Amino acid sequence: MDIWLIEINRSSSTPLYEQLYQVMKESIIHGNLTVGTKLPSKRKLAELLAISQTTIELAYTQLVAEGFITAIARSGYYTEQVDELSYIDEKRKEIEQIEAVKHSFSIDFNSGHIDIDAFPFNQWRKYAKSLLDDKSRNLLLLGHPQGDLELRQQIASYLYSSRGVRCTPQQVVIGSGTEQLLPLLIRLLGKEAIYAIENPGYPITHHIFANNDRETLAVSVDEDGMKVSDLEHLPATVAYVTPSHQFPTGAILSASRRVQLLNWAANQEGRYIIEDDYDSEFRYVGKPIPSLQGMDHSERVIYISTFSKSLMPSLRIAYLVLPMHLLHAYQQTFPYYSSTVPRLDQHVLSQFMRDGHFSKHLNRMRKLYRKKLEKLTRVLSAYEPSVLISGEQAGMHIVLTIDTKLTDLQLVDLAKQSDIRVYALSEYHRITENFSLKPQVLLGFGGFGEEEIEVCVKALMNTWNIQKG
Ligand SMILES: Cc1ncc(COP(=O)(O)O)c(C=O)c1O
């Protein structure tokens, strides 16, 4: 810690000397001020922080009294060796425990897991290697704030051919994940916007709206997606939806509701739809469902998608497609923001897409995930009617409805006792009015090898004491 950078909050109800004392104490405990560091004189620090010498004296006296610093006559104040390591160790232990809890399940049906064995490392490496060369030294400098044109071009043409999204590369904004782009969008849409969110829905977006102090109204979801008729009775101005594969139920927004939703947005100035198309690449039944953005004639759909499912979640590349009028507002609001995605990663990806590897990868992964899904549904169907599968038309997770008197959270706890992680649907509800009578859990299958699925399902059914039907 740089002692000169201490910040004092004059409007806080905590006395100034106590603030100073706390900051210095924390810095000594955490080793940011090393043992034996000479502290600035009372006069110097008072001048620098523009507070009285008496305030500094009070803080120093308190630190001396508690043994964090020592006063040496005619020399000054020095930091002391403190014996508070147990405190740090406790904190560390806590963090380690959280980490351990996060990773400790031997079977994890996490819907965010992808197949890491099928990643095309060779091709990726080829592009990464060729770019790590002084011929590409230009990439060491900052690029376009919305992301480099090459990648935006690839994304725009991919979106047009595979999702029917109509946009120019200029409308694309690249960022480090949906979770980084949404806050920008929220700021762009202003404080007055009221958001309608799906219930149940994607919890990270719920957190993002809450963290940015935006009002949200929950709208129920049924087997046809968000109930747009309910939305019509609310004062919401922006609807956040996952129409191609509702998260987490797996419902697909029906054709009539799509039209209804677009009309809702078009009917009043300032209304928007945020279309989160996070895993639309993986549709296993029928033709791909075109995006809402492609059906929109009123510039009301803001399209957002990600490479987290199609390539890897750790790549942290997602993108927004802004309607033209919002693009101008975006450029005026954020003129100084550099892209949050490293240019090298942007160029590896754009070349990977340009040379057709992304499409090939998607085709391969779709086949692979389809096989896993078929295996999962085949193995689970042996347990019907005690379990019922839904949401299996797309994506990398299904929903399982279980015929039991237990709640979904009790089912999750039971599974945990056998070192298995499943996810209760109630964990995704913002409000609890609409629970299914029977408990439902989410089973992600992307991270399992096809050959592991049967063993994992059997272990889960054993834990729940569910017999084959
Ligand atoms: C509904 C939804 N939106 C977006 C994402 C991806 O978010 P990000 O781009 O931040 O990885 C996910 C990932 O699981 C998701 O489930």
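The structure displayed is predicted, hence computed values, not measured ones. (Residues numbered from 1 in each chain as written. Predicted model: local features only at pLDDT ≥ 70, side-chain atom pairs only at ≥ 80, totals over all residues. Heavy atoms only, no water.)

**A closer look at the overall build of the protein chain**
Moving on, step 1. Helices and strands together make up the secondary structure of the protein chain, namely 16 helices and 16 strands.
Moving on, step 2. Along the longest, intermediate and shortest principal axes, the C-alpha atoms of the protein chain span 85 × 55 × 55 Å.
Moving on, step 3. A buried classification covers 50% of the 469 residues belonging to the protein chain.
Moving on, step 4. Here the analysis covers contacts within the protein chain between residues at least 6 apart in sequence; of these, 72% occur between residues at least 24 apart. (Helix = DSSP H or I, 4+ residues; strand = E, 2+ residues; numbered from the N terminus. Buried < 20%, exposed > 50% of the residue type's maximum accessible area, 1.4 Å probe, protein only. Contact = heavy atoms within 4.5 Å.)

**Observations regarding the nonpolar core**
Moving on, step 1. Phe-307, Leu-311, Leu-400, Val-422, Met-461 and Trp-464 are the most contacted members of the largest nonpolar core, which totals 65 residues.
Moving on, step 2. The leading source of residues in this core is helix α14 (residues 357-381), at 8 residues.
Moving on, step 3. The two domains that each donate at least three residues to this core are domain 2 (107-117 + 364-463) and domain 3 (120-359).
Moving on, step 4. Those residues in contact with Met-461 that sit more than four places away from it in its chain are Leu-380, Tyr-383, Val-387, Leu-400 and Ile-466. (Core = buried A, V, L, I, M, F, W, Y, C linked by side-chain atoms within 4.5 Å. Domains from an automatic or database assignment.)

**With respect to the site of the ligand**
Moving on, step 1. The environment of the ligand is formed by Gly-177, Thr-178, Glu-179, Tyr-202, Phe-247, Asp-276, Tyr-278, Thr-306, Ser-308, Lys-309, Arg-316 and Ala-318.
Moving on, step 2. Within the side chain of Ser-308, one N or O atom sits 2.6 Å away from an oxygen atom of the ligand.
Moving on, step 3. The separation between an oxygen atom of the ligand and a polar side-chain atom of Arg-316 is 2.9 Å.
Moving on, step 4. Out of a free accessible area of 400 Å², the ligand has 92% covered by protein chains.
Moving on, step 5. Among the residues forming the shell around the ligand, the class breakdown is 4 nonpolar, 4 polar and 4 charged. (Near = heavy atom within 4 Å. Polar contact = N/O pair within 3.5 Å; in protein donor to acceptor, adjacent residues only side chain to side chain. Areas by Shrake-Rupley, 256 points an atom, 1.4 Å probe, with all protein chains shown as cover. Nonpolar A, V, L, I, M, F, W, Y, C, P; charged D, E, K, R; others polar.)

**Observations concerning the pairing of strand β4 (residues 172-175)**
Moving on, step 1. Covered by surrounding structure in β4 are Val-172 and Ile-174 together with Val-173 and Gly-175, the residues of both alternating faces.
Moving on, step 2. Relative to strand β11 (residues 318-321), β4 is paired through 4 bridges, and the arrangement is antiparallel. Across the sheet, residue Gly-175 finds its bridge partner in β11, namely Ala-318. (Pairing = 2+ DSSP bridges.)

**Concerning the domain arrangement of the protein chain**
Moving on, step 1. In terms of domains, the protein chain is made up of domain 1 (3-79), domain 2 (107-117 + 364-463) and domain 3 (120-359).
Moving on, step 2. Relative to domain 2, the C-alpha centre of domain 1 lies at a distance of 55 Å.

**Some points on the packing of helix α7 (residues 178-189) against helix α8 (residues 203-211)**
Moving on, step 1. With their axes 10 Å apart at the nearest point, α7 and α8 run at an angle of 40 degrees to one another. Viewed along their axes, α7 and α8 adopt a mutual orientation that is oblique. Handedness of the crossing formed by α7 with α8: right-handed. Residue-level contacts link Glu-179, Leu-182, Pro-183 and Ile-186 of α7 to Ile-204, Thr-205, Ile-208 and Phe-209 of α8.
Moving on, step 2. Residues that form the contact of α7 with α8 fall into these classes: 6 nonpolar, 1 polar and 1 charged. (Axes fitted to C-alpha atoms, helices over the stretch in contact; angles between N-to-C directions. Parallel < 35°, antiparallel > 145°, perpendicular 65-115°, else oblique. Left-handed = near helix turned anticlockwise from the far one by under 90°.)

**Some thoughts on the pattern of salt bridges**
Moving on, step 1. Counting across every chain of the model gives 12 salt bridges.
Moving on, step 2. The residue Arg-354 makes a salt bridge to Asp-355 at a minimum N-O spacing of 2.9 Å.
Moving on, step 3. Taking relative accessible area as the criterion, Asp-355 reaches 34% and is therefore assigned partly exposed.
Moving on, step 4. In this structure, Glu-454 and Lys-458 form a salt bridge, with 3.7 Å as the shortest nitrogen-oxygen distance. Residue Glu-454 and its partner Lys-458 are located together in helix α16 (residues 453-463), separated by 4 residues, close to a single helical turn.
Moving on, step 5. The exposure class of Glu-454 is partly exposed, given its relative accessible area of 32%. (Salt bridge = Lys/Arg side-chain N within 4 Å of Asp/Glu carboxyl O.)

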